[in-house]
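The residues making up each chain are set out below.
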Amino acid sequence: AGQQESFKYVVLGGGNASGYAAREFVKRGTPKGELAIITDEPYVAYERPALSKAYLNPEGAARLPGFHTTVGGGGDKQSPEWYGENGITYKTKTKVTEADVKNKTLKTADGDSIKYEKLIIATGARPVDLGDFGTKGADLKGIFYLRNVEDADKLIAAFPAAKAKGGKAIVVGGGYIGMEVSCGLNKNGLDVTVVFPEDRLMERLFTPEIAEFYESYYLDKGVTLKRGSTVASFEGEDGQVTHAVLKSGEKLEADLVLVGVGARPNIELFKGQVELLQDKPGGIKVDGRLRTSDPDVYAIGDVAAFPLKRYGSVTRQEHVANCRQTAAHAVAAILAPSETGDYNYLPFFYSRIYDLGWQYYGTSNDAEPVFFGDKASKKFGTYFVSEGKVVGAFLEGGSNDENAALKKVAEQQPDAPADLASQGLAFASKL
Ligand code: FAD
């Protein structure tokens, strides 16, 4: 305790974005000893999306070091040794408890201080806790959240006892975490019920026609969907959850509960230090170069609220594509400022469940959906048309080339022909 160190560049947070930032620093020839990454997790950066997918497989599950960044982005697998070889100081199990931007200093829980010349904030987000909504019984044992390896290990460790009691699992939330974990629990032989307030899965992204396909897929696998439902409270015995009580009064048996109802950006350290976005979407406000209100402090990944140049809005994106690209862009803005313009992100989402996988590019805001393809063959999609232009595109079961074509559509926003639906994928492939 009381130790003082100083680095030219410090990345705070050892999540997905930090790994890609490290890659960019190395690519640009940063001398050894200049970069430090600080995280409270016990592992160097890994591809977080694996936790709700291959990590939960009953057989051949993904485990570290198999999915360190940047394997998901087509780069080297950056093991702890990789950081060492590249002269990067990676401090794991180190929680930063105080930031003093004026004096360019971070303080750790152990009482050490770390000085920087340039700071990149990559503190990510944390799951919204049902206790924050005052849900009674939210602190019972057997209720899980999923953000990091430790969470995933706790969840998996609870499977045998839950199965011994009857194996009833409740998943709270119908977004992509809820959908992916439901698949994982179902594959592990648990009897899954998904409880969500909307009238369909992934309501913000899926049209009713898209949602219907995935919903019937789950039903075929024996998963129960409780749409239009909210958990009012949990009941338990000996401190262990036994039931989820819905607002309707219905009581569901619950031997294990997984909550996936959204995330909150980790901004608390920087209150009064840099400008935060008070209104939705929250987060740390940055400009097109990912720079905060302090010229030596940048923010990337889930925590950054940035100008979405293409659509003239300000957004926060809790997705790996954005965390990879903001990481690279911020490092470029620091190391090569005169060559680096404004960040120009194209929204991109994907998910995988069972033998399915979808991708989505662009926007569906105020747009008319145009369905194409054939659900029975597990290959179908939807274009989103606004003011005569195709502004977004969704595809299930696409090949790499087809997904790349879809991306082009969202980038170029071509005029929508009258026979768009019958042209289907051919329309994207022609661009
Ligand atoms: P994070 O990866 O959250 O990293 C933040 C890091 O900062 C963490 O290590 C945290 O412990 C650390 N930290 C925070 N505060 C402090 C502090 N004070 N001191 C020290 N360390 C601190 N996105 C997709 O696009 N597709 C998917 O399929 C997908 N699946 C996902 C599945 C799961 C289960 C989860 C949780 C997320 C998924 N995401 C997915 C989202 C994606 O993982 C995030 O967008 C990405 O991880 C964001 O990276 P980040 O570096 O900004 O934040």
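Everything here concerns the structure above.
What comes next concerns the included structure. (Residues numbered from 1 in each chain as written. Predicted model: local features only at pLDDT ≥ 70, side-chain atom pairs only at ≥ 80, totals over all residues. Heavy atoms only, no water.)

## A closer look at the sheet that holds strand β13 (residues 240-246)
The strands that make up a sheet are held in pairs by hydrogen bonds between backbone atoms, and each pair lies either parallel or antiparallel.
Logical step 1: Pairing is antiparallel in the open sheet, where three strands are placed in the order β12-β13-β14. Pairing within the sheet leaves two strands with one partner each, and these edge strands are β12 (231-237) and β14 (251-253). Strand-to-strand, the axes of this sheet are offset by a mean angle of 30 degrees, without reference to chain direction.
Logical step 2: Sheet topology places β13 next to β14; three bridges connect them, and they run antiparallel. Counted as the bridge partner of Val245 is Lys251 from β14. (Pairing = 2+ DSSP bridges. Helix = DSSP H or I, 4+ residues; strand = E, 2+ residues; numbered from the N terminus. Axes fitted to C-alpha atoms, helices over the stretch in contact; angles between N-to-C directions.)

## A look at the layout of surface pockets
Logical step 1: By volume, the second largest pocket amounts to about 690 Å³.
Logical step 2: Forming the boundary of the second largest pocket are 38 residues, of which Lys53, Val320, Arg324, Tyr350 and Arg352 lie nearest the centre.
Logical step 3: Contributing elements (two or more residues each) for the lining of the second largest pocket: α5 (176-187), α7 (320-335), β21 (348-353), β22 (356-362) and α8 (400-412).
Logical step 4: Top contributing element to the lining of the second largest pocket by residue count: β21, with five residues.
Logical step 5: Partitioning the lining of the second largest pocket into residue classes produces 17 nonpolar, 12 polar and nine charged. (1 Å grid on protein atoms, 1.4 Å probe; cavity = no way out; pocket = protein on both sides within 12 Å on 5 of 7 lines; lining within 4 Å. Points joined across faces, edges and corners; volume = space filled by probe spheres on them. Nonpolar A, V, L, I, M, F, W, Y, C, P; charged D, E, K, R; others polar.)

## Concerning the sheet that holds strand β20 (residues 313-315)
Logical step 1: Across the sheet, which stays open at both edges, the three strands sit in the order β17-β19-β20 with mixed pairing between neighbours. Of all strands in the sheet, those with a lone pairing partner are β17 (284-285) and β20, marking the two edges.
Logical step 2: As paired strands, β17 and strand β19 (residues 304-308) are joined by two bridges and run parallel to one another. Bridging from a neighbouring strand, Lys285 pairs with Ala305 of β19.

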